[in-house]
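Coordinate analysis (summary)
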Amino acid sequence: KNEKWLEVASLLSYPRRKRKNINLIEIEKNFKDKELIVVPGKVLSEGEITKKIKVVALNFSKVAREKLLKAGSEAITIFEEIKKNPEAKGIKIFK
């Protein structure tokens with residue numbers, strides 16, 4: 001059990017209406033190329049993304065996932081990332 005994944009689990013335990021939903025424009029503004037960010041909520045499609053960022057989220061809108069993949073970024077669910085990266089190396093949690 002890793003502290004970072006426990007923090008993500010804690011944020012996901014909030015009621016659905018209090019979960020973080022963010023748009024691509026916010027990811028573009030707040031993160032650098034090649035970062036690994038975790039969104040404990042849904043990624044929405046407003047804005048464009050030009051950076052190659054690995055975005056891990058509970059959910060993605062269809063258009064947001066398409067835009068991320070088109071930009072060369074990765075769009076992965078939290079559950080997939082926990083299996084690949086159980087130590088939570090290099091993750092930044094978007095709160």
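Preceding this paragraph is the structure being described.
Throughout this document, residue positions are counted from 1 along each chain, in the order its sequence is written. A pLDDT threshold of at least 70 governs which residues receive local features in this predicted model, and a stricter bar of 80 or more applies before side-chain atom pairs are shown or counted, although totals over entire chains, interfaces and linings include all residues. Side-chain figures throughout are based on the complete set of non-hydrogen atoms in the structure, without hydrogens or water.

Strands are runs of DSSP state E lasting at least 2 residues, helices are runs of H or I lasting at least 4, and numbering of each runs from the N terminus. The number of helices and strands found in the chain is four helices and five strands. Helices (α) and strands (β) of the chain occur, in sequence order from the N terminus, as α-β-α-β-β-α-β-α-β. Each radius of gyration is computed over the set of C-alpha atoms, and the globule rule expresses the reference value as 2.2 Å times the number of residues to the power 0.38. Here the chain has a C-alpha radius of gyration of 12 Å; the compact-globule value for 95 residues is 12 Å, and the two agree. Considered along the principal axes of its C-alpha atoms, the chain spans approximately 35 × 30 × 20 Å. Throughout this description, buried means an accessible area under 20% of the type-specific maximum (1.4 Å probe, protein chains only), exposed means over 50%, and partly exposed covers the range between. Put simply, the chain has 95 residues, and 41% of those count as buried. Here the contacts in the chain between residues at least 6 apart in sequence split such that 36% fall between residues at least 24 apart. All accessible-area figures derive from a Shrake-Rupley calculation using a 1.4 Å probe, and residue coverage is judged against the displayed protein chains alone. With the model as given, the accessible surface of the chain reaches about 6,000 Å², and the carbon-plus-sulfur share is 50%. For the chain, the distance from the average site of its 23 positive side-chain charges to the average site of its 13 negative ones is 4 Å. The contact rule is simple, with two residues in contact once any of their heavy atoms fall within 4.5 Å. Positive residues here are Lys and Arg, negative ones are Asp and Glu, while His and the chain termini are left out of the count. To locate a charge, take atom NZ for lysine, CZ for arginine, CG for aspartate or CD for glutamate.

Put simply, two rings from Phe, Tyr or Trp (the six-membered ring, in Trp's case) pair if the centres are within 6.5 Å, and we call them stacked under 30 degrees between planes, edge-to-face over 60, tilted for the rest. Evaluation of the coordinates by the stated rule reveals one aromatic pair. Ring centres 5.8 Å apart and planes at 50 degrees place the aromatic pair Phe31 and Phe94 in the tilted group. Pair noted here: Phe31 is in the loop between helix H2 (24-30) and strand S2 (36-44) and Phe94 is in the segment after strand S5 (91-93), with a separation of 63 residues, a long-range link. The pair formed by Phe31 and Phe94 is uniform in burial state, with each residue classed as buried.

Time to look at helix H1 (residues 3-12). Every α-helix carries 3.6 residues per turn, so stepping three or four residues along brings you back to the same face. Of the residues making up H1, those classed as buried are Trp5, Val8, Leu11 and Leu12. The buried residues of H1 all sit within an arc of 115 degrees when viewed along its axis, so they share a single face. In this structure, the buried side of H1 is in contact with S2, strand S3 (54-60), helix H4 (78-84) and S5. N or O atoms within 3.5 Å of each other form a polar contact, as long as, within protein, one can give a hydrogen and the other can take it, and as long as residues adjacent in sequence are counted only when both atoms are side-chain atoms. With a side-chain oxygen positioned 2.8 Å from the backbone nitrogen of Lys4, the residue opening H1 is Asn2. Comment: arc refers to directions from the helix axis out to C-beta atoms.

So, about the side chain of Glu81. For Glu81, the position within the fold is in helix H4. Those residues in contact with Glu81 that sit more than four places away from it in its chain are Trp5, Leu36, Lys54, Val56 and Ile76.

Side chains that are nonpolar tend, in soluble globular proteins, to be buried together. What we call a nonpolar core is a set of buried Ala, Val, Leu, Ile, Met, Phe, Trp, Tyr and Cys residues that are connected through their side-chain atoms within 4.5 Å. In terms of nonpolar packing, the biggest core is built from 17 residues, with Ile27, Val39, Val43 and Val55 touching the most fellow members. Breaking this core down by element, the ones donating at least two residues are H2, S2, S3 and helix H3 (62-70). Non-local contacts of Val39, meaning those with residues more than four positions away in its chain, are made with Lys20, Ile22, Val55, Val56, Ala57, Leu58, Ile78 and Phe94. One finds Trp5, Leu11, Ile78 and Ala88 within the second-largest nonpolar core, a separate group that totals eleven residues.

Bringing the side chain of Ser61 into the picture now. Examined against the element boundaries, Ser61 turns out to sit in the loop between S3 and H3. Polar contacts involving the side chain of Ser61 include one to the main-chain amide nitrogen of Ala64, which spans 3.1 Å. In contact with Ser61, not counting residues within four places along its chain, are Lys42, Val43, Leu44 and Ser45.

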